[in-house]
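# Residue-level structural notes
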Amino acid sequence: MKRKFLTTAIAGIFVSSLFGYQLTAVADNYQINKQNLLGEKTVKTKSSLIIADNSEEQKRIQLYEKASKSVVAIATGFGHGSGFIVSPDGLVLTNAHVVQDSSKTVAIVLADGKQVVADVVGFGTDGLDLAALKIRNQKNLPYLRLASPGSARVGQSVYAIGTPLSLELQNTLTYGIISRIDPKLGLIQHDAAVNPGNSGGPLLNSDGQVIGVNSAIFNDTEIKRFIGISFAIPTELIQPFLVAVEKGNAQLASERQQPRNSQETDLPLNGQVLEASLKNGDRTLPNNSYFHTYVFEGKAGQQITIEMDSQQIDPHLYLLLPAKEKLIAANDDISPKDFNARLTVTLPEDGVYYLLANTFEAGESGTYSLRAAISQR
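Residues numbered from 1 in each chain as written. Predicted model: local features only at pLDDT ≥ 70, side-chain atom pairs only at ≥ 80, totals over all residues. Heavy atoms only, no water.

The name an unreviewed UniProt entry gives the protein chain is Trypsin-like peptidase domain-containing protein, with Nostoc paludosum FACHB-159 as the organism.

Here it is, written out as structure tokens:
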């Protein structure tokens, strides 16, 4: 029996619009026609304007080429967000709401497309929508520096980099200005276009320094139209959080909630048997069946066999490639007479894979054993 709803739940969304391009083209034609009517003196002014425009364009290009190397996509298995590296050993900053419902381990897609594993190491407290992740076994990574606290000013240019809507749109650049700084909350309001999936990405100043973490937008919900109101958490709040994380201060960098999948989430591929229990309080799929998440790093062409056995529940397995938003394989019964689950699959590419160990029926609870091994050929 197959569960088609999961494939739908992780399917990517690809959105394309020509409206912005058409508007820009109309504006450019208007400027050229107006200057032709005004004569030679205006043509000289036009030339200086073009030089200025080219200078701004080059600044944007240079900023993107440098800063985008430090911006990452975060895949959680049931969605994605953005983040950015803040230290050469792989400390990543993002929004808490990007990872608060994930397991203790997430997949990170670096700017060059490489997939790596990161652990969730801390959440902001008192409603601060920040979280810190640590990429495993990394050094000398490109990273972004923070701007001085309080340096943001209304009217200054800002640049946003992130992964809106779909992982296929990773490292998208938009830009605008700071429209307002909230006097009570300190949030930076700006009009650089951001969308779902941009959450956790950096808001940069003209020097490529981080002045905020993009966190929320207002839009026209009836027609899903961007109306130019975006919000970012400022460096005045980011810096104390990062200091707390680096010092291991549990009061400021504590987990917002303990991951409900309490067993170890790494899945060894050496045949080791893991024992766990699915029970009330664990995370659920849309049909209210409990599941646990396991993670492993696989190589293209590896043949993996995974088995889930239980005397108390009807096991079910899903294998996901979160960085590509793909369901790789699923199995609920070995045979009509054996309700345990087994997957044998050849991995399609190098990457971070998630295994969902699941009860077939809603509310079903009990113990199970799980083992995975690279098949001998």
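Don't stop here, the text continues.
## Things to note about helix α5 (residues 235–247)
Residues lying three or four places apart along an α-helix face the same way, a consequence of the helix completing one turn every 3.6 residues. The test is simple: Secondary structure counts use DSSP, requiring at least four H or I residues in a row for a helix and at least two E residues in a row for a strand, with both numbered from the N terminus. An expected span of 1.5 Å times one less than the residue number is assigned to each helix. Categorising residues by exposure relies on relative accessible area from a 1.4 Å probe, with only protein chains included: less than 20% of the type maximum marks a residue as buried, more than 50% marks it as exposed, and the intermediate range marks it as partly exposed.
Over its 13 residues, α5 extends 18 Å from the first C-alpha to the last, a length consistent with the 18 Å expected when each residue adds 1.5 Å. Residues of α5 that are buried include every one of Thr 235, Ile 238, Phe 241, Leu 242, Ala 244 and Val 245, and no others. Once α5 finishes, Gly 248 follows within two positions and takes phi at roughly 70°, a positive value.

## Notes on the sheet that holds strand β14 (residues 291–298)
Stated precisely, the cut-off is as follows: In this scheme, strands are said to pair when DSSP sees at least two bridges between them. Angles shown run from 0 to 180 degrees and are taken between the N-to-C directions of axes, each axis being a line fitted to C-alpha atoms and, for helices, limited to the stretch in contact.
Judged by pairing direction, the sheet is antiparallel, and its 4 strands sit side by side in the order β14-β19-β16-β17 without closing on themselves. Looking at which strands have only one partner, the edges of the open sheet turn out to be β14 and β17 (326–331). Averaged over all neighbouring strand pairs, the angle between strand axes comes to 20°, with direction disregarded. The pairing of β14 with strand β19 (residues 351–359) spans 8 bridges and is antiparallel. In the strand pairing of β19, Gly 298 is matched with Gly 351.

## Brief notes about the packing of aromatic side chains
Rule in force here: Each pair of aromatic rings taken from Phe, Tyr and Trp, with Trp reduced to its six-membered ring, is defined by centres within 6.5 Å and is described as stacked if the planes are under 30 degrees apart, edge-to-face if over 60, and tilted in the remaining cases. Remark: a charge is flagged as sitting over a ring if the NZ atom of Lys or the CZ atom of Arg is within 6 Å of the ring centre and within 35 degrees of the ring normal.
This structure, assessed with the given rule, holds 2 aromatic pairs. Between Phe 296 and Tyr 353, the aromatic rings sit 5.5 Å apart at their centres with planes inclined by 10°, giving stacked as the arrangement. Of this pair, Phe 296 sits in strand β14 while Tyr 353 sits in strand β19, and the two are 57 residues apart along the sequence. Residue classification places Phe 296 among the buried positions, given a relative accessible area of 4%. Residue classification places Tyr 353 among the buried residues on the basis of a relative accessible area of 0%. Positioned above the aromatic ring of Tyr 175, the side-chain terminus of Arg 60 is 4.5 Å from the ring centre.

## Side note on the sheet that holds strand β13 (residues 274–278)
Pairing within the open sheet is antiparallel, and its 4 strands lie in the order β13-β20-β15-β18. Among the strands making up the open sheet, the edge pair consists of β13 and β18 (341–346). Here the average twist between neighbouring strands, direction ignored, is 20°. Pairing geometry for strand β15 (residues 303–309) and strand β20 (residues 366–374), over 6 bridges, is antiparallel. The residue of β20 that forms the bridge with Thr 305 is Ala 373.

## Examining the pattern of salt bridges
Pairing between side chains of opposite charge can happen when the charged atoms of each approach one another. We apply this condition: Think of a salt bridge as a Lys or Arg side-chain nitrogen and an Asp or Glu carboxyl oxygen that are within 4 Å of each other.
Going through the model one piece at a time under the given rule, you end up with 7 salt bridges. Linking Asp 89 and Lys 134 is a salt bridge whose minimum nitrogen-to-oxygen distance equals 3.9 Å. Here the residue Asp 89 occupies a position in the loop between β2 (80–85) and β3 (91–94), and Lys 134 occupies one in strand β6 (residues 131–135), the gap between them amounting to 45 residues. Judged by its relative accessible area of 34%, Asp 89 falls in the partly exposed class. For Lys 134, a relative accessible area of 28% puts it in the partly exposed group. Asp 266 is the salt-bridge partner of Arg 136, the closest N and O atoms lying 3.1 Å from each other. Here Asp 266 lies in the loop between α5 and β13 and Arg 136 lies in the loop between β6 and β7 (157–162), a separation of 130 residues in the sequence. Connected through shared salt-bridge partners, Asp 119, Arg 136 and Asp 266 make up one network.

## A closer look at unusual backbone geometry
Trans is the common state for peptide bonds, and a negative phi is the common state for residues other than glycine. Positive phi, normally seen in glycine, also occurs at Asn 137, with a value near 55°. The exposure class of Asn 137 is exposed, given its relative accessible area of 76%.

## Thoughts on the environment of Val 121
Tracing the chain through its elements places Val 121 in strand β5 (residues 115–123). The spatial distance from the C-alpha of Val 121 to the C-alpha of Leu 91 is 9.3 Å, given a sequence separation of 30 residues.

## Brief notes about the nonpolar core
Applicable threshold: Residues belong to a common nonpolar core when they are buried Ala, Val, Leu, Ile, Met, Phe, Trp, Tyr or Cys residues joined through side-chain atoms within 4.5 Å. It only takes one pair of heavy atoms within 4.5 Å for two residues to be counted as in contact.
Core analysis: the largest hydrophobic core is formed by 33 residues, its most contacted members being Ile 74, Val 99, Val 106, Ile 108, Leu 133, Ile 135 and Tyr 354. Residue assignment for this core shows that the elements contributing at least two residues are β1 (71–75), α4 (96–99), β4 (105–109), β5, β6, β14, β16 (315–321) and β19. When residues of this core are assigned to their parent elements, the largest contribution, 5 residues, is made by β5. Beyond its immediate sequence surroundings of up to four residues, Val 99 is in contact with Ile 74, Val 106, Val 120, Phe 123, Ala 131 and Leu 133. Of all hydrophobic cores here, the second largest spans 26 residues; its members include Tyr 294, Ile 304, Ala 341 and Ala 372.

## A word on the environment of Leu 274
By the secondary structure assignment, Leu 274 is in strand β13. Residue class for Leu 274 comes out buried when judged on its relative accessible area of 15%. Sequence separation between Leu 274 and Ser 369 is 95 residues; the distance between their C-alpha atoms is 5.5 Å. Not counting the four nearest positions on each side in its chain, Leu 274 is found in contact with Asp 266, Leu 267, Pro 268, Tyr 294, Tyr 368, Ser 369 and Leu 370.

## So, the confidence of the model for the protein chain
How we decide: Scored from 0 to 100, pLDDT reflects the predictor's confidence in each residue.
On average, residues of the protein chain carry a pLDDT of 81, and 79% of them reach 70 or more. Across the protein chain, the element-wise mean pLDDT spans from 28 in helix α2 (residues 19–38) up to 97 in strand β10 (residues 202–204). Within the model, pLDDT remains below 50 along residues 1–44, and this stretch shows 43 contacts once partners closer than five positions in the same chain are excluded.

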